[in-house]
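Spelled out, the chains give:
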Amino acid sequence: MSRHNQLFFVVVILACIVAFYLLFTVSTTNMPDIQAESSSYSDPELPDFSVYVQVKDKKANFFEYMLPLIQSENQRLLTLREHLQVLVPLANSLNEDQREWLQQLATYYRAKDTSRPDEELIAELLLKVDLIPPSLALAQSANESAWGSSRFAVKGNNLFGQWCFNKGCGMLPSGRDPGASHEVASYSSPRQSVESYIHNLNTNQAYAQLRQLRASSRQQTKTISGPKLAQGLLKYSSRGEDYVSELQQMIRINKLDQYDAL
């Protein structure tokens, strides 16, 4: 056997070993939970941010409280994403447990067609199962909750102004248009509000541009930037471009983009 053939043979053997290792590892390791188990956390209640007289102190304490909640949910999503990436080279040979987990993930993340080939399903999910830059989440939570002091934040732990559409699911907004049926969602904890917000940005068709901007940053190995992804939030508020500009300004003034590189 020539030296070239020996080298080729070794490479093939190593590739087979790696593939077998990945298959064995994923098959024998517990799949990560798709949905967050909020009840397993002991979260501190939302602080009373109205006690701060100085705006600087109020901002600092608000960000200090929110940042760990955002980072925790992002880390959970990155764990899901890593598990999903391990399935990429195995897409044509998933076992029953892997395929069931993938289907559950696809359903939870509102995949367009869960009956498609696993390879296509994984590709779509990698667009959705990813982090939201902390700078953007911090700016939006401050903006939507009046720095944690709004009625919806204090009474319903709603830090991102999210709506719900089932009667009794939340609180009635005072300025709701005649004929409108939405309520402002209530959550059992601030952490649940963070989870719901990030899931909304990762699944709602209105924010498809945000997810494309994020994917582009990943492809170019760039930091996932809050100011950049804010461009994909034109439909988050009826204010459109003015809302996006305000978020970008909040990020800049408060130097929140420092958290995106962590």
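Whatever comes next refers back to the structure up there.
Colleague: So, the overall build of the protein: which residues are in play, and what are the values?
Modeller: Counting its regular elements, the protein contains ten helices and three strands. Taken from the N to the C terminus, the helices and strands of the protein come in the order α-α-α-α-α-α-β-β-β-α-α-α-α. Within the protein, buried positions represent 42% of all 262 residues. Total accessible area computed for the protein in this model is approximately 14700 Å², and 53% of it derives from carbon and sulfur atoms.

Colleague: Account for the nonpolar core, with residues named and values stated.
Modeller: Formed by 56 residues in total, the largest nonpolar core has its most connected members in Met66, Leu105, Leu136 and Tyr197. Counting residues per element, the ones that place at least two in this core are helix 2 (55–86), helix 3 (96–108), helix 4 (118–128), helix 5 (134–145), helix 7 (190–203), helix 8 (208–219) and helix 10 (241–253). Tallying contributions element by element places helix 2 first for this core, with ten residues. Setting aside anything within four residues of it in sequence, one finds methionine 66 in contact with Leu138, Ser141, Leu159, Phe160 and Val194.

Colleague: Could you give an account of the layout of surface pockets, naming the residues involved and the relevant values?
Modeller: Of the volumes computed, that of the largest pocket is approximately 1000 Å³. Counting residues per element, the ones that place at least two in the lining of the largest pocket are helix 2, helix 5 and helix 7. Along the lines of polarity and charge, the residues of the lining of the largest pocket split into 15 nonpolar, 16 polar and nine charged. Approximately 220 Å³ is the volume found for the second largest pocket. Taken together, Arg110, Lys112, Glu124, Leu127, Lys128, Thr203, Gln205, Ala208, Arg211 and Gln212 make up the full set of residues lining the second largest pocket. Residue composition of the lining of the second largest pocket, grouped by class: two nonpolar, three polar and five charged.

Colleague: Describe in detail the state of the cysteines, supporting the description with residues and values.
Modeller: Here is the idea: a disulfide is a covalent bond, and it sits between the sulfur atoms of two cysteines. For the coordinates displayed, the defined rule picks out one disulfide. The disulfide partner of cysteine 164 is cysteine 169, and the S-S distance across this bridge is 2.0 Å. Torsion about the S-S bond of the cysteine 164 and cysteine 169 cystine: about 90°, corresponding to right-handed handedness.

Colleague: Describe unusual backbone geometry, with residues and values.
Modeller: Non-glycine residue alanine 146 carries a positive phi angle of around 55°. Within the secondary structure layout, alanine 146 lies in the loop between helix 5 and helix 6 (151–156). Of note, lysine 255 is a non-glycine position whose phi angle comes to about 55°, a positive value. Among the structural elements, lysine 255 can be located in the segment after helix 10.

Colleague: Describe the pattern of salt bridges, listing the residues and the values that go with them.
Modeller: Pairing is possible between side chains of opposite charge, provided their charged atoms come close. The full count for this structure, using the stated rule, is eight salt bridges. Across the salt bridge formed by glutamate 73 and arginine 76, the nearest N and O atoms sit 2.9 Å from each other. Taken together, the positions of glutamate 73 and arginine 76, both in helix 2 and three residues apart, correspond to about one turn of that helix. Note that arginine 214 and aspartate 130 form a salt bridge whose closest N and O atoms lie 3.9 Å from each other. Of the two residues, arginine 214 is situated in helix 8 and aspartate 130 in the loop between helix 4 and helix 5; the sequence distance between them amounts to 84 residues. Under the relative-accessibility criterion, arginine 214 is labelled buried at 1%.

Colleague: Requested: an account of helix 3, with residues and values cited.
Modeller: Here helix 3 is 13 residues long and its end C-alpha atoms lie 18 Å apart, about the 18 Å a rise of 1.5 Å per residue gives. Among the residues of helix 3, the N-terminal cap falls to asparagine 95, whose side-chain oxygen and the backbone nitrogen of aspartate 97 are separated by 3.1 Å. In the stretch just after helix 3, arginine 110 is the one whose phi turns positive, near 55°.

Colleague: Can you break down the sheet that holds strand 3 (residues 183–185) residue by residue, with the values?
Modeller: Across the sheet, three strands lie side by side as 1-3-2; this open sheet has antiparallel pairing. In this open sheet, the two edge strands, each paired with only one partner strand, are strand 1 (163–164) and strand 2 (170–171). By the bridge criterion, two bridges tie strand 2 to strand 3 in an arrangement that is antiparallel. Each bridged residue has a counterpart across the sheet, and for glycine 170 the counterpart in strand 3 is alanine 185.

Colleague: Go over the packing of helix 3 against helix 4 with me, naming the residues and quoting the values.
Modeller: The geometry of a pair of packed helices is captured by two quantities: the angle between their axes and the separation between those axes. Running from amino to carboxyl end, helix 3 crosses helix 4 at an angle of 45°, the nearest separation of the two axes being 11 Å. As the angle between them shows, helix 3 and helix 4 are arranged oblique. Between helix 3 and helix 4 lies a crossing whose hand is left-handed. Residues Arg99, Leu102, Gln103, Leu105 and Ala106 of helix 3 lie in contact with helix 4, whose contacting residues are Asp118, Leu121, Ile122 and Leu125. For the contact of helix 3 with helix 4, the residue count by class is six nonpolar, one polar and two charged.

Parameters and conventions
- Residues numbered from 1 in each chain as written.
- Predicted model: local features only at pLDDT ≥ 70, side-chain atom pairs only at ≥ 80, totals over all residues.
- Heavy atoms only, no water.
- Helix = DSSP H or I, 4+ residues; strand = E, 2+ residues; numbered from the N terminus.
- Buried < 20%, exposed > 50% of the residue type's maximum accessible area, 1.4 Å probe, protein only.
- Areas by Shrake-Rupley, 256 points an atom, 1.4 Å probe, with all protein chains shown as cover.
- Core = buried A, V, L, I, M, F, W, Y, C linked by side-chain atoms within 4.5 Å.
- Contact = heavy atoms within 4.5 Å.
- 1 Å grid on protein atoms, 1.4 Å probe; cavity = no way out; pocket = protein on both sides within 12 Å on 5 of 7 lines; lining within 4 Å.
- Points joined across faces, edges and corners; volume = space filled by probe spheres on them.
- Nonpolar A, V, L, I, M, F, W, Y, C, P; charged D, E, K, R; others polar.
- Disulfide = S-S within 2.5 Å.
- Salt bridge = Lys/Arg side-chain N within 4 Å of Asp/Glu carboxyl O.
- Expected span 1.5 Å × (residues − 1).
- Polar contact = N/O pair within 3.5 Å; in protein donor to acceptor, adjacent residues only side chain to side chain.
- Pairing = 2+ DSSP bridges.
- Axes fitted to C-alpha atoms, helices over the stretch in contact; angles between N-to-C directions.
- Parallel < 35°, antiparallel > 145°, perpendicular 65-115°, else oblique.
- Left-handed = near helix turned anticlockwise from the far one by under 90°.

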